[in-house]
Amino acid sequence: MNKFLMSMLISVLLFSTPALAQVRELISPTGTGSGQPNLAVAPDGRVYLSWIERLGEGRFSLRFSTLEKEKWSAPQVVAEGSNWFVNWADFPSMVVLPDGSLAAHWLAKSGAGTFEYDVTISRSFDGGKTWGKPFVPHRDGVKAEHGFVSLFAAKDGNLAAVWLDGREMKADANDAHGHGHGDMTLRSVKIKRDGTLTDEAVLDTRVCECCQTSAAMTADGPVVVYRDRSEQEIRDISIVRLRNGQWSQPVSVFKDGWQINGCPVNGPSIAASGRRVAVAWFTGVNDKPRVKLAFSSDAGASFGEPITVDDGNPAGRVEALMLADGSALVCWLEKLPTGGEVRMRRIKPDGKFDAAITVSATGAARSNGFPQMARAGNTLVFAWTGAKVMTAAMTLSER
């Protein structure tokens, strides 16, 4: 689970309206032994790229760079360590809060077991020049799996975190995946500027063990999507919403009815603009892999019928974004006989969609990770893991 891909690909798309015009390459700031990319956008539109870099002798470094005039800045270090849990699917992230402060998370081992690790967060209040003492946002003290984190700005501007929490799971020697038996839970906390933990909550008491979570802010408040898990091993996508200080009960985005006895390691992605919400996800129901998207016009309280987004043979690993006209962009990994491609498609509010755009050829193995996509004004930024480091810019012109 600690395998690294030796380099990373970053693509950048520049557009004025959603129509592809041209492509140009940009240089990635990452070095040899890099992987696990993540993208974040500041309130001022600045794009942040973070990644893990292997230092050798079991040491790792979490680094970040910002996009400035189509060039990445010199990398800066968030943290370095030798006791980290580095995983192809459970990757670090960064977030920029409304006051301009930064927060980043990574995973650190808490015990000798394969899945004994904690969420670790550090904050910077000077633009990333210095970072505060790392802290753990969960206070259970149990040597168990804690990961698949979504960091976001709460409605009051404080830092908030959602993660999968394995404190209720017990070790089981017969479990081939090493997670043990018992239920994985979904939990959240708000973190004040002085580090105080508040508003701790259990959002769901039984969820899929190792699929990514995703959070977004609507006009009504934050929403979180994740892969749920029923007693009958139905693992569809659910949503919870924070209203008046209380989290709602989980509700299915759509009832695919995918029954699977193990985690597919393929979480959903949510994007929001006002009360308009889009959720993208992967399902393998009836042994037919599909990437789907559903829209909501009431801040995630209800969703329309899903739209199939993929081109027939997806590996999933989705990312969703909203555009100003109410349409959504979905990025996913499509499998090919020769490997795979990072693809993107625009889906309009009426359910019609454009032809898919191939961002880049890549592999479809676990080591190729999860493509990332972020939007800042008229700029789309893509990051993914591939066989070599390269970047590209695409300009979109008016239709």
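For the structure itself, consult the block above.
I keep staring at the side chain of Ser73 and nothing clicks. Help me out?
Note on placement: Ser73 falls in the loop between strand S6 (71-72) and strand S7 (76-81). When its relative accessible area of 15% is taken as the criterion, Ser73 is described as buried. Ignoring anything within four residues of it in the chain, the contact list for Ser73 reads Pro29, Ser65, Thr66 and Glu68.

Honestly, the pairing of strand S13 (residues 184-191) in this entry has me stumped. Any pointers?
Two faces make up the sheet, and in a regular strand the side chains alternate between them. Counting buried positions along S13 gives eight out of eight residues, so the element sits mostly inside the fold. Side chains Met184, Leu186, Ser188 and Lys190 project from S13 onto one buried face, and the interleaved Thr185, Arg187, Val189 and Ile191 project onto a second face that is buried too. Taking the residues between adjacent antiparallel strands as the criterion, S13 and strand S14 (residues 197-207) are bridged by five residues, where Gly195 takes a positive phi near 95 degrees.

Hey, could you run me through empty space enclosed by the protein in this one?
Once rolled over the atoms, a probe with the size of a water molecule shows which space is left empty. All told, the structure shown has two cavities of 30 Å³ or more when counted by the stated rule. Estimated volume of the second largest cavity: approximately 40 Å³. Gln36, Ile52, Trp84, Phe85, Val86, Asn87, Asp90, Phe91, Pro92, Trp106 and Leu107 together form the lining of the second largest cavity. By residue class, the composition of the lining of the second largest cavity is eight nonpolar, two polar and one charged.

Is there a simple way to think about the sheet that holds S13 in this case?
Within a beta sheet, neighbouring strands are joined by backbone hydrogen bonds and run either parallel or antiparallel to one another. The antiparallel open sheet is built from four strands, whose spatial order is S11-S12-S13-S14. Lying at the two open borders of the sheet, with one neighbouring strand each, are strand S11 (146-153) and S14. On average, each strand axis in the sheet is tilted by 15 degrees relative to the strand beside it, whichever way the strands run. Both S13 and S14 contribute to a ladder of six bridges, which runs antiparallel. Across the sheet, residue Met184 finds its bridge partner in S14, namely Val207.

Which parts of the structure should I look at to understand the nonpolar core?
Nonpolar side chains in soluble globular proteins generally cluster together in the buried interior. Core analysis: the biggest nonpolar cluster contains 41 residues, and Leu151, Leu159, Leu186 and Val224 have the highest contact counts within it. Those elements that place two or more of their residues in this core are strand S9 (102-109), strand S10 (117-124), S11, strand S12 (159-165), S13, S14 and strand S16 (221-227). The element best represented in this core is S12, accounting for six residues. When residues no more than four places from it in sequence are discounted, the contact partners of Leu186 are Val162, Trp163, Leu164, Ala201, Val202, Leu203, Asp204, Val207, Thr213, Val224 and Tyr226. Counting 18 residues, the second largest nonpolar core, distinct from the first, contains Ala271, Ile307, Ala328 and Ile347.

Is there a simple way to think about the sheet that holds strand S23 (residues 307-308) in this case?
Spatially, the four strands line up as an open sheet ordered S20-S21-S22-S23, and their pairing is antiparallel. Sheet topology places strand S20 (269-273) and S23 at the edges, where each strand pairs with a single neighbour.

What is the right way to read unusual backbone geometry from this model?
Among all residues except glycine, the phi angle is most often negative; among peptide bonds, the trans geometry is most common. Here Lys69, not a glycine, exhibits a phi torsion of approximately 55 degrees, which is positive. Relative to the helices and strands, Lys69 resides in the loop between strand S5 (59-68) and S6. One non-glycine residue, Arg317, lies in positive phi territory at about 60 degrees. Within the secondary structure, Arg317 sits in strand S24 (residues 314-322).

Quick notes on the rules
Residues numbered from 1 in each chain as written. Predicted model: local features only at pLDDT ≥ 70, side-chain atom pairs only at ≥ 80, totals over all residues. Heavy atoms only, no water. Helix = DSSP H or I, 4+ residues; strand = E, 2+ residues; numbered from the N terminus. Buried < 20%, exposed > 50% of the residue type's maximum accessible area, 1.4 Å probe, protein only. Contact = heavy atoms within 4.5 Å. Pairing = 2+ DSSP bridges. 1 Å grid on protein atoms, 1.4 Å probe; cavity = no way out; pocket = protein on both sides within 12 Å on 5 of 7 lines; lining within 4 Å. Points joined across faces, edges and corners; volume = space filled by probe spheres on them. Nonpolar A, V, L, I, M, F, W, Y, C, P; charged D, E, K, R; others polar. Axes fitted to C-alpha atoms, helices over the stretch in contact; angles between N-to-C directions. Core = buried A, V, L, I, M, F, W, Y, C linked by side-chain atoms within 4.5 Å.

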